[in-house]
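Residue-level structure breakdown
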Amino acid sequence: MPRPADVPIPDSPQYPYPIITDYCEIVCGFGRGSSELGIPTANVQFNELPDAIENLPLGVFFGFAQLAESGPGDVKNCQRPDGTRVHFNFGQRLAESDLNVLPVVLSIGLNPFYHNKAKTVELHIMHEFKHDFYGAKVKFSILGYIRPELDYTTREALIDDIHTDIDIAKSVLSKPQYAKHSSF
Ligand SMILES: Cc1cc2nc3c(=O)[nH]c(=O)nc-3n(C[C@H](O)[C@H](O)[C@H](O)COP(=O)(O)O)c2cc1C
C-alpha cells in the first residue's frame with residue numbers, strides 16, 4: 001500500500017537519474033542513526049558531489065554504493081556535540097564482502113525530526129557490517145526518488161517509515177531495469 005507521500009517510481013531510471021558520484025570521504029554525522037534509530041548512515045559532504053545532487057528535492061532516494069579503503073590516512077578523530085569521540089579507521093576493517101556494490105537508500109535534507117540547520121547527505125547501505133568505516137571512501141549512484149522528507153511526532157514513526165523506504169528500495173533495485181545499474 002503506497003503511503004500518501006510516496007512518489008510513483010518509473011519502470012527504469014528517468015532523467016536526471018542515474019546520477020553517479022566519484023569516490024568521496026565518509027565523514028562524521030551526529031551518530032543518531034546508529035544509536036537512536038538502529039539504522040546507521042554514512043554521511044558525505046556536498047562539496048565532493050556532482051552539482052546535480054544539489055538540485056534534487058529534499059527527501060529519500062535509492063541507488064547503489066561501493067566502499068573502498070582510504071588508508072593509511074592521517075589519524076583523525078571527531079567529537080560529536082554530545083562529547084562522544086569518533087575514531088576514523090579509513091575503512092581498514094572492511095571485509096571483502098563489504099566492498100561489493102551494495103544497494104543503498106539515501107536521505108538528502110534537513111532531517112526535520114531532528115531540526116538540523118544544514119542539509120546533509122546520508123547513505124544507509126543495506127548490508128551487515130561488522131565494523132564502522134569512518135574515513136573510508138564511497139562512490140554511489142542515485143537511481144530514483146521515493147518520497148519527500150517528513151516530520152514525525154514519534155521516533156518510532158520515523159523508524160517505521162525508514163524501514164518501509166528500505167523495503168521499497170530493495171524491491172525496485174532488484175528489478176532488471178534498475179539492477180543493471182549495479183556496476184559503475
Ligand atoms: C532512508 C532514510 C529516510 C529518512 N527520512 C527522514 C525523514 O523523513 N525525516 C527526518 O527527519 N529524517 C529522516 N531521515 C534521517 C534520519 O533522521 C537520520 O538518519 C538521523 O537523523 C541520523 O542522523 P545522524 O546519524 O547524522 O545523527 C531518514 C534517513 C534515512 C536513511
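Let me sum up the structure you'll find in this document.

Calculation rules
Residues numbered from 1 in each chain as written. Predicted model: local features only at pLDDT ≥ 70, side-chain atom pairs only at ≥ 80, totals over all residues. Heavy atoms only, no water. Near = heavy atom within 4 Å. Polar contact = N/O pair within 3.5 Å; in protein donor to acceptor, adjacent residues only side chain to side chain. Areas by Shrake-Rupley, 256 points an atom, 1.4 Å probe, with all protein chains shown as cover. 1 Å grid on protein atoms, 1.4 Å probe; cavity = no way out; pocket = protein on both sides within 12 Å on 5 of 7 lines; lining within 4 Å. Sits in = over half its atoms within 2 Å of the grid points. Helix = DSSP H or I, 4+ residues; strand = E, 2+ residues; numbered from the N terminus. Nonpolar A, V, L, I, M, F, W, Y, C, P; charged D, E, K, R; others polar. Points joined across faces, edges and corners; volume = space filled by probe spheres on them. Core = buried A, V, L, I, M, F, W, Y, C linked by side-chain atoms within 4.5 Å. Buried < 20%, exposed > 50% of the residue type's maximum accessible area, 1.4 Å probe, protein only.

Here's the deal with the site of the ligand
Near the ligand you find 23 residues, and of these Arg32, Phe113, Glu122, Arg147 and Leu150 are the closest. In the environment of the ligand, an oxygen atom lies 3.1 Å from a nitrogen or oxygen atom belonging to the backbone of proline 112. Surface burial for the ligand is 99%, taken as the share of its 620 Å² of free accessible area covered by protein chains. Among the detected pockets, the ligand sits in the largest pocket. Looking at the shell around the ligand, the elements that each hand over two or more residues are α1 (32-35), β7 (102-109) and α3 (155-173). No other element matches α3, which puts three residues into the shell around the ligand. The residue inventory of the shell around the ligand, partitioned by class, reads eleven nonpolar, seven polar and five charged.

A closer look at the layout of surface pockets
Counted as a void, the largest pocket has a volume near 1000 Å³. Around the largest pocket, the lining comprises 50 residues; the ones closest to its centre are Gly33, Ile39, Pro40, Thr41 and His124. Of all the secondary structure elements, the ones that give two or more residues to the lining of the largest pocket are α1, β3 (42-44), β7, β8 (120-125) and α3. With six residues, α3 is the single largest residue contributor to the lining of the largest pocket. Looking at the lining of the largest pocket residue by residue, the class counts come to 25 nonpolar, 15 polar and ten charged. Size it by volume and the second largest pocket reaches roughly 170 Å³. In this structure, the second largest pocket is lined by Met1, Pro2, Arg3, Asp6, Val7, Pro8, Ile9, Thr164, Ile168 and Val172. Partitioning the lining of the second largest pocket into residue classes produces seven nonpolar, one polar and two charged.

Topic: the nonpolar core
Residues Leu123, Phe140 and Ile142 are the most contacted members of the largest nonpolar core, which totals 26 residues. Residue assignment for this core shows that the elements contributing at least two residues are β3, β4 (59-68), β7, β8 and β9 (137-142). The element best represented in this core is β7, accounting for four residues. Grouped together as the second largest cluster of nonpolar side chains are 20 residues, Ile146, Tyr152, Ile166 and Leu173 included.

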